[in-house]
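# Observations on the three-dimensional arrangement
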Amino acid sequence: MQYELKTQVIEPQRHTFTHIAKRYGDKPASRYLEGSVDVQPKEHFHYRPTWDPSREIFDDSYSVFRLTDAYSFLDPRQYYYAPYVTARSSHHEAFATTLEYIEARGLLDRLPDGWSRVLRELVVPLRHLESAGQLILCNMARFGWGATITQAAAYSAFDRVGNAQVLSRVGIALGGGTADLLGEAKTHWMDDASLQGLRRLAEETIVEADWGLALLHLDAVDRLLYDLLYRHLDDEAVVGGAPAYSLVSQHMSSWFDDNRKWIDALYKTWREDPELGETNAALLAEHGGAAVDAALEAVTPFAARIDELLGDGIGAVDRITTTAAEVRAAHTGEQA
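Please read these numbers as outputs of a predicted model, since none were measured by experiment.

## Structural notes on the overall build of the protein
- Broken down by element type, the protein carries 12 helices and zero strands.
- Ordered by position in the sequence, the α and β elements of the protein form the string α-α-α-α-α-α-α-α-α-α-α-α.
- The principal-axis extents of the C-alpha atoms in the protein amount to approximately 80 × 65 × 40 Å.
- Contacts in the protein between residues at least 24 apart in sequence constitute 73% of all its contacts with a sequence separation of at least 6.
- Split by element, the accessible area of the protein, about 16700 Å² in all, is 51% carbon and sulfur.

Here it is, written out as structure tokens:
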């Protein structure tokens with residue numbers, strides 16, 4: 001008896017989960033979609049929160065910003081756990097390699113005095129601001145509505161811990177391998193006049209109950225600081241004899257560019273919502289503009305201190321003023 005081997009194709013009865021098929025049709029879907037869309041708890045809650053019995057424990061009214069369909073927002077990076085962890089692992093491995101290069105060649109010890117003081121007095125203390133960012137985004141991850149939104153916020157919260165660690169490692173390297181400089185950085189954060197506006201705004205944003213408004217305030221500060229510290233000063237460091245600063249900046253700048261993708265996509269989704277877009281656009285103009293004004297007020301003493309340490313030719317205050325006008329215009333739709 002002879003047997004013939006044949007290839008038999010068995011068509012699956014369905015190609016994805018039912019809730020995904022209802023939205024996108026019965027066709028193969030990405031793991032991001034299958035693990036993110038329509039998983040927000042909506043019913044069968046045991047009780048209302050005792051601290052706010054007017055709402056459900058999960059409720060879409062924790063922010064003035066709403067969407068007709070929360071899942072009209074998708075993270076353009078398509079991050080779920082596996083690709084997120086892989087991307088961040090590569091990012092921090094690259095930073096570790098850069099830091100090893102900086103330490104092996106003693107580049108931090110060779111920094112001009114002004115640049116060294118910028119790092120010690122202004123940049124390293126911002127690890128506390130990154131920690132505040134983590135708390136703000138954790139609040140968004142808890143009270144946001146729609147898993148694609150809260151998932152992006154949660155990953156961004158993890159990122160802020162990583163950013164704080166990056167700044168801490170720079171501080172330890174700058175301090176000769178000890179944590180003494182980190183203690184000094186905390187003193188700067190708590191006491192220096194140039195940092196008190198930022199500290200106050202961070203603490204006020206941490207306790208902001210509306211997660212959408214909190215995001216606007218955090219984002220406004222980020223856009224002024226990251227552009228100033230890791231783009232503008234990066235360029236100045238290249239020609240100012242501070243290559244170690246520039247080498248560190250590239251990692252913070254690349255993270256910021258990646259993080260902007262989901263935030264910009266969320267703003268766009270708010271504006272383009274078929275039913276609530278007009279309301280959301282008006283709220284963005286109102287609250288986004290106010291957030292930029294508050295951020296500019298908080299960051300101006302910080303930038304002024306940079307001009308004092310590095311010389312007025314650095315133009316730090318001018319840079320944040322220009323950036324603030326651009327961000328405000330993006331929120332309001334007016335000419336910068």
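There's plenty left to go through after this.
## Looking at the packing of helix 4 (residues 113–123) against helix 11 (residues 277–310)
- Their axes nearest at 9 Å, the elements helix 4 and helix 11 cross at an angle of 155 degrees. With respect to their mutual orientation, helix 4 and helix 11 come out roughly antiparallel. Seen along the crossing, helix 4 lies across helix 11 with a hand that is right-handed. On helix 11, the residues that touch Gly-114, Trp-115, Arg-117, Val-118, Glu-121 and Leu-122 of helix 4 are Phe-302, Arg-305, Ile-306, Leu-309 and Leu-310.

## Some words on the nonpolar core
- Leu-126, Leu-198, Leu-229, Tyr-245, Trp-262 and Phe-302 are the most contacted members of the largest nonpolar core, which has 86 residues in total.
- Per element, the largest residue contribution to this core is 16 residues, and it comes from helix 9 (residues 211–239).
- Ignoring any residue separated from it by four or fewer positions in sequence, one finds Tyr-245 in contact with Leu-111, Trp-115, Val-118, Leu-119, Val-123, Leu-229, Tyr-230, Leu-233, Asp-234 and Ala-237.
- Residues Tyr-32, Leu-33, Ala-70 and Tyr-71 belong to the second largest nonpolar core, which totals eight residues.

Rules used throughout
Residues numbered from 1 in each chain as written. Predicted model: local features only at pLDDT ≥ 70, side-chain atom pairs only at ≥ 80, totals over all residues. Heavy atoms only, no water. Helix = DSSP H or I, 4+ residues; strand = E, 2+ residues; numbered from the N terminus. Contact = heavy atoms within 4.5 Å. Areas by Shrake-Rupley, 256 points an atom, 1.4 Å probe, with all protein chains shown as cover. Axes fitted to C-alpha atoms, helices over the stretch in contact; angles between N-to-C directions. Parallel < 35°, antiparallel > 145°, perpendicular 65-115°, else oblique. Left-handed = near helix turned anticlockwise from the far one by under 90°. Core = buried A, V, L, I, M, F, W, Y, C linked by side-chain atoms within 4.5 Å. Buried < 20%, exposed > 50% of the residue type's maximum accessible area, 1.4 Å probe, protein only.

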